[in-house]
Amino acid sequence: MIEYENLRKSNEVFAKEFQKNFEEFLDSGWYILGQNVSEFEEKFADFCNAKYCIGVASGLDALILAIDAFKFPKGSEIIVPSNTYIATIMAIVKNGFIPILVEPDIKTYNIDAAKIEEKINKKTVAILVVHLYGKVCDMKSITTIAKNHNLKIIEDSAQAHGAKFCGKMAGTFGVGCFSFYPTKNLGALGDAGAIICDDFDFSKKIRSLRNYGSSKKYYNDDLGYNSRLDEIQAGFLSIKLGMLNKITEHKRELANLYLSNLNDNFIKPIVQDDYYDVYHIFNIRHQDRDNLKEYLLQNGVGTEIHYPVSPINQKFMSTIGNGSYPISEEIHNTTLSLPISYFHKIEDIYKVCEVMNSWKA
Ligand SMILES: *Cc1c(COP(=O)(O)O)cnc(C)c1O
């Protein structure tokens, strides 16, 4: 069986270093906001070419705190792609703001920049882009639109650690929000997240928000959260960050094998100049997706669907959004994610291609 993911196997190579780090952590007696967190924050900021990084408890919290920190007026609208993972939209709704859904481009699966301006009005305050599957959005068009309409850019970079557009890192076009959920390209052994930014005051605000709105112990200036990155997770993350380029290169190598070996029966991800994609997910599309998934399973290949239900069709959205999003629906109905984890070998990918290419739809 070629599993879609196996976290034990993906983390196996780090086990010795994790154990050493855990011993030191246990010995230190310091479990919250200590040296591991500050060291990781510094290293991750460096990795992203950002000035500041603030560790938080999860990717969802990174989004919630980033939106909160801007102190947008009540009733504000935030533009977001209609085919994202639900966390992006929940973060807007949790803050009491209105998500304005914009359809993705059918080739890149990222927000269609040409459809943003028609949704902008006096209440619009920000564009929350999502670099889905590990490909940066069309940030040339989007930064121009944001500038012209005086909008903030927030980047859900949960799937895009190290992805680039024209050499510029995901998360550095606006305020970058990351998840280190265990399956992400940079994954902890539990929940973790971070925000990166270049503005010192904004970084201070986030630092305060994550810790009860407090920058001085027992003095609470803001209505904050308890959303701190755990010391123990920060230790593990620093170890893996040292290997992130290698992880990314491995995934890109596997993606290239898929791209050159899968036949034209399947719609493959687009490859464009100026884009350095990190393939958090390698998806293909096919009209008969559900049967293909079943066939692959019967033939020893595990797959996933990202995502089976579009945000607009989630129950909690019934009072929040309406409208029809045919391009999103098309993607949700036809997309299939193939194995592309750190533990997969070149032979695994050849095998998946072989099984897929012999499918009689
Ligand atoms: C994983 C993910 C999140 C949420 O991250 P958590 O750490 O699970 O809270 C948000 N947005 C996207 C696009 C994601 O893939």
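What you are looking at is a predicted structure, and each value in this text was computed from that prediction instead of being measured. (Residues numbered from 1 in each chain as written. Predicted model: local features only at pLDDT ≥ 70, side-chain atom pairs only at ≥ 80, totals over all residues. Heavy atoms only, no water.)

Caption draft 1: Representation of the overall build of the protein chain in the model. The helix and strand tally for the protein chain stands at 12 helices and 12 strands. Rg of the C-alpha trace for the protein chain: 20 Å, near the compact-globule value of 21 Å for 361 residues, within the 12% margin. Summarising its shape, the C-alpha atoms of the protein chain cover approximately 65 × 55 × 40 Å along the three principal directions. When each of the 361 residues of the protein chain is scored for burial, the buried share is 56%. If you take every contact in the protein chain between residues at least 6 apart in sequence, the share linking residues at least 24 apart comes to 70%. Of the roughly 16500 Å² of accessible surface on the protein chain, a fraction of 50% belongs to carbon and sulfur atoms. The protein chain carries 40 positive and 45 negative side-chain charges, and their two centres are separated by 3 Å. (Helix = DSSP H or I, 4+ residues; strand = E, 2+ residues; numbered from the N terminus. Rg over C-alpha atoms; globule rule 2.2 N^0.38 Å. Buried < 20%, exposed > 50% of the residue type's maximum accessible area, 1.4 Å probe, protein only. Contact = heavy atoms within 4.5 Å. Areas by Shrake-Rupley, 256 points an atom, 1.4 Å probe, with all protein chains shown as cover. Lys, Arg positive; Asp, Glu negative; His and termini not counted. Charge placed at Lys NZ, Arg CZ, Asp CG, Glu CD.)

Caption draft 2: Highlighting the pattern of salt bridges. According to the stated counting rule, one finds 12 salt bridges in the structure shown. Salt-bridge contacts for Glu24 lead to Lys20; the nearest nitrogen and oxygen are separated by 3.4 Å. Of this pair, Glu24 and Lys20 both sit in helix H2 (residues 15–28), 4 residues apart, roughly one helical turn. Glu41 is paired through a salt bridge with Arg210; the nearest N and O atoms lie 2.7 Å apart. Of this pair, Glu41 sits in helix H3 (residues 35–48) while Arg210 sits in helix H7 (residues 200–210), and the two are 169 residues apart along the sequence. Taking relative accessible area as the criterion, Glu41 reaches 6% and is therefore assigned buried. Connected through shared salt-bridge partners, Glu41, Arg207 and Arg210 make up one network. (Salt bridge = Lys/Arg side-chain N within 4 Å of Asp/Glu carboxyl O.)

Caption draft 3: How the structure looks around the pairing of strand S8 (residues 175–179). Burial runs high along S8: 5 of the 5 residues are buried. Because side chains alternate across S8, one face comprises the buried residues Val175, Cys177 and Ser179, and the other comprises Gly176 and Phe178, equally buried. With 4 bridges connecting them, S8 and strand S9 (residues 193–197) associate as antiparallel partners. Bridge pairing links Cys177 to Ile195 in S9. (Pairing = 2+ DSSP bridges.)

Caption draft 4: Region of the structure containing the pairing of strand S12 (residues 335–338). Neither face of S12 is exposed, since Thr335 and Ser337 on one face and Leu336 and Leu338 on the opposite face are all buried. With 4 bridges connecting them, strand S11 (residues 282–285) and S12 associate as antiparallel partners. Note on S12: the bridge partner recorded for Ile284 is Leu336.

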